[in-house]
Amino acid sequence: MRKFFLLTLGLLTTSVFCQKYSLGDVTLEELREKVCPIDTAAAASFYFKSTTVFFPLDVENSFKCEIKVKQKIKIYKKDGYELATVVIPFYNSSDTREKVQLISGITYNEEGGKIVKSKIKDDGVFVTERNKYWSTKSFVFPNVKEGSILELEYYIDSPRFWGIPDFEFQEDVPVLAAKMVTVIPEYYDFRVSSRGNYAPTTSKSKKSRIEVQGKWNFEEYVSTYEMKNVPALPDEPFVSNIDNYRSSLTFELASLRNADGQVKNFSTDWASVAQGIYKNDFTEQLAAKNFYEEELDAAVKDAATDYDRLLATIKFLKSKVAWNEMNGVYSDDGIKSAYKKKAGNFAQLNLLLINMLQHLKIKADPVLISTRANGIPLFPSTEAFNGVICIARINNVKYLIDATDKNPIPNLLPTRDLNWIGRYISKDGYTEEINLMPTTPSINAVTMMGSLSANGNLKGNMRKQYTDHMAKRYKLDESAEATDAYLETLEKELSGAVIENYKKTFQNDNSFSFIESFAFESEGVCDIIAGKLQLKPLLFYTTTENPFKQDYRESPIDFSFPSQHKVTYILTIPDGYVVESLPTPISVSLEDKSLTYRFNCSNENNTIRVTATTDINQAILPAEAYPAIKAIFAKMVEAEKQRIVLAKKS
């Protein structure tokens, strides 16, 4: 791509940056400011942040990208100290390196009525290699206190002219002013997309630029995006990736026109992106042979069906190759190398699995995905995806598998992969969307049978069932025995109960689903008031707090996967006692039943039965439903704080 715009002209670089937001004019009034003017609770704020992108020429007379960044930050509270460390990612592969250069970094404080400056020194600058492509450079401000002002200026010199970084108007603290300016030569067409709930004001203009001692004249398009008084991004529960909802701009190179008029298009649609990745890497990797076949054939020889062979292949692969924790849609040095080294990235492991299944005549193909941490792609781009999983088809049943999972189970993807849709690609170039979201609820069910004593103690047996994703969330290991540490955690969960006869039973070898059972005895589960026993109906599993506290919600509510949470207690009351009162039953739900809550208490003779069931039938609920969701959880808390009251027989 870089050589596509190689000019055979001399070099003359003219840098023009629009610099309205200035540094170096800190005042005592600013240092003495105690609260943010638009959010008095904020721990810090950005007085301003600005980024300017310009395209100078390099020594080879090709355009490169220069990004200049300025920030002015005010610290109000200790919780804002985290802004004193600025981490900048930069591309750092063996053949393409970006340079991050600190221009100035200063901490301002007031001491004795005067302004004192503390500069970032060499011992406050750190470079960390993240993987073979990306590193980070960190700047740490010195002498940071409550009241400090931090000013930072740096630039990134990048040969990746197509890689304009995202610009975030919205931060985790308020931003009083934010601006991005792009000065782009007429030869580049960037697609600009915005996300979040706040849109910038935009102005555009055009100007002429002369380069190479007057021999080259072309137009530049100047775009200015600005936003004022941007509130902090809310810290909301049940969000998959908060950056999906952060007000920001994203840039993607759509096309490039050479000086002679030749146009090259990039990433025109999702199908083209997928097919390009397949052609550039997958074709070679899925054709690779003669390095594992003999061992695999021996490992699956006793498998009776294709599904058995699928399971045996997954097990074989996991015994041979480990995930190196690196994401990616390209297989780096190939699947043969991963097999030899016994380690590989996201693409290598799953392409290796696909290759093995195809060797066994099981139909298998790649599916490109963007993990939850990578965010939801806004437009077609090779960088929109950061992983590859496998789709296998046996007897017209589709099975999605991610070989990087610790214990891969067909159609039970790790939560990190559950990010709306992926894109399937076949060898002949056919591509389509694949729904990654599970539809079957995962279960977390607690059943307890116990006897209350007159002194408020409870003795009984408990059974806890976990299926699918709930099982993956809670399962600690494959052992049927519990470690001392786990039993200690479980005893704390049951308010200090003593646990005996613990047993874990797995439902089958190819599922995460399991059941825990044990006997327990817990003291003081009841309050004894005026000779009456009063106890919370759900005992150890009472919902005491509504997780939804905000008055309004900006982002969808993401529960990750459909689930059912159920508690059933059967309690035998002490001899000589009767039920004086029981909590009021409740049943509430959203109109479409995507979220329901049911709570009921009943008694017969000397037995009380308590049930509480929460059904989340849809993994992601819209922000518009937030008021109703908040109300349901409020009613849940209200219902479960009621008391069962037992009185002595008269």
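To be clear, the structure that these remarks concern was listed above.
Residues numbered from 1 in each chain as written. Predicted model: local features only at pLDDT ≥ 70, side-chain atom pairs only at ≥ 80, totals over all residues. Heavy atoms only, no water.

Caption draft 1: The arrangement of the sheet that holds strand β36 (residues 644–648) in detail. Spatial strand order, β27-β28-β36-β31: 4 strands in an open sheet with antiparallel pairing. The open sheet is flanked by β27 (527–529) and β31 (577–581), the only strands paired with a single partner. Going across the sheet, the axis of each strand differs from the next one's by a mean of 30 degrees, ignoring polarity. In this sheet, β36 lies alongside β31 in antiparallel orientation, the contact comprising 4 bridges. Of the residues in β36, the one forming a bridge with S581 is V645. (Pairing = 2+ DSSP bridges. Helix = DSSP H or I, 4+ residues; strand = E, 2+ residues; numbered from the N terminus. Axes fitted to C-alpha atoms, helices over the stretch in contact; angles between N-to-C directions.)

Caption draft 2: Here's a closer look at the pairing of strand β6 (residues 125–129). When β6 meets strand β7 (residues 134–140), the two strands line up antiparallel, connected through 5 bridges. Paired with V127 across the two strands is K137, which belongs to β7. Counting the residues between successive antiparallel strands, the hairpin from β6 to β7 contains 4 residues.

Caption draft 3: Broad picture of the side chain of R553. Structurally, R553 can be placed in the loop between β28 (532–535) and β29 (557–558). A relative accessible area of 8% places R553 in the buried class. Separated by 3.5 Å, the side chains of R553 and E236 make a polar contact. A polar atom in the side chain of R553 sits 3.0 Å from the backbone oxygen of P556. Setting aside residues no more than four positions away along its own chain, R553 makes contact with E236, P237, F238, V239, F548, D558, A623 and Y626. (Buried < 20%, exposed > 50% of the residue type's maximum accessible area, 1.4 Å probe, protein only. Polar contact = N/O pair within 3.5 Å; in protein donor to acceptor, adjacent residues only side chain to side chain. Contact = heavy atoms within 4.5 Å.)

Caption draft 4: Structural view of the packing of aromatic side chains. Counted under the stated rule, the structure contains 35 aromatic pairs. Feature note: the residues F55, F63, F161, W162, Y187, Y188, F190, W216 and F218 constitute an aromatic cluster, connected by ring pairs. If you follow R393 out to its NZ or CZ, it ends over the ring of Y424, 4.7 Å from the centre. (Phe/Tyr/Trp six-rings, centres within 6.5 Å; stacked < 30°, edge-to-face > 60°. Lys NZ or Arg CZ within 6 Å of the ring centre and 35° of its normal.)

Caption draft 5: Expanded view of the side chain of E252. Residue placement: E252 occurs in strand β14 (residues 248–257). One buried charged residue, E252, forms no salt bridge at all, with the nearest opposite charge on R191 at 5.4 Å. (Lys, Arg positive; Asp, Glu negative; His and termini not counted. Salt bridge = Lys/Arg side-chain N within 4 Å of Asp/Glu carboxyl O.)

Caption draft 6: Structural view of the pattern of salt bridges. Within this structure, the stated rule accounts for 35 salt bridges. D157 is paired through a salt bridge with K64; the nearest N and O atoms lie 3.1 Å apart. Here the residue D157 occupies a position in strand β8 (residues 149–158), and K64 occupies one in the loop between β1 (44–54) and β2 (65–75), the gap between them amounting to 93 residues. Judged on exposure class, the residue D157 and its partner K64 are both buried. Two residues, D558 and R372, come together in a salt bridge whose shortest N-O distance is 3.0 Å. One end of the pair, D558, is in strand β29; the other, R372, is in the loop between β18 (363–369) and β19 (387–394), with 186 residues separating them in the sequence. Residue D558 is classed as buried on the basis of its relative accessible area of 7%.

Caption draft 7: Inspection of helix α4 (residues 306–320) at higher detail. When the terminal C-alpha atoms of α4 are compared, their 21 Å separation across 15 residues agrees well with the 21 Å that a helix rising 1.5 Å per residue should span. Of the positions making up α4, those classed as buried are L310, L311, A312, T313, I314, F316 and L317. The inward-facing, buried residues of α4 abut α3 (293–299), α5 (335–341), α6 (346–359), β19 and β20 (397–401). (Expected span 1.5 Å × (residues − 1).)

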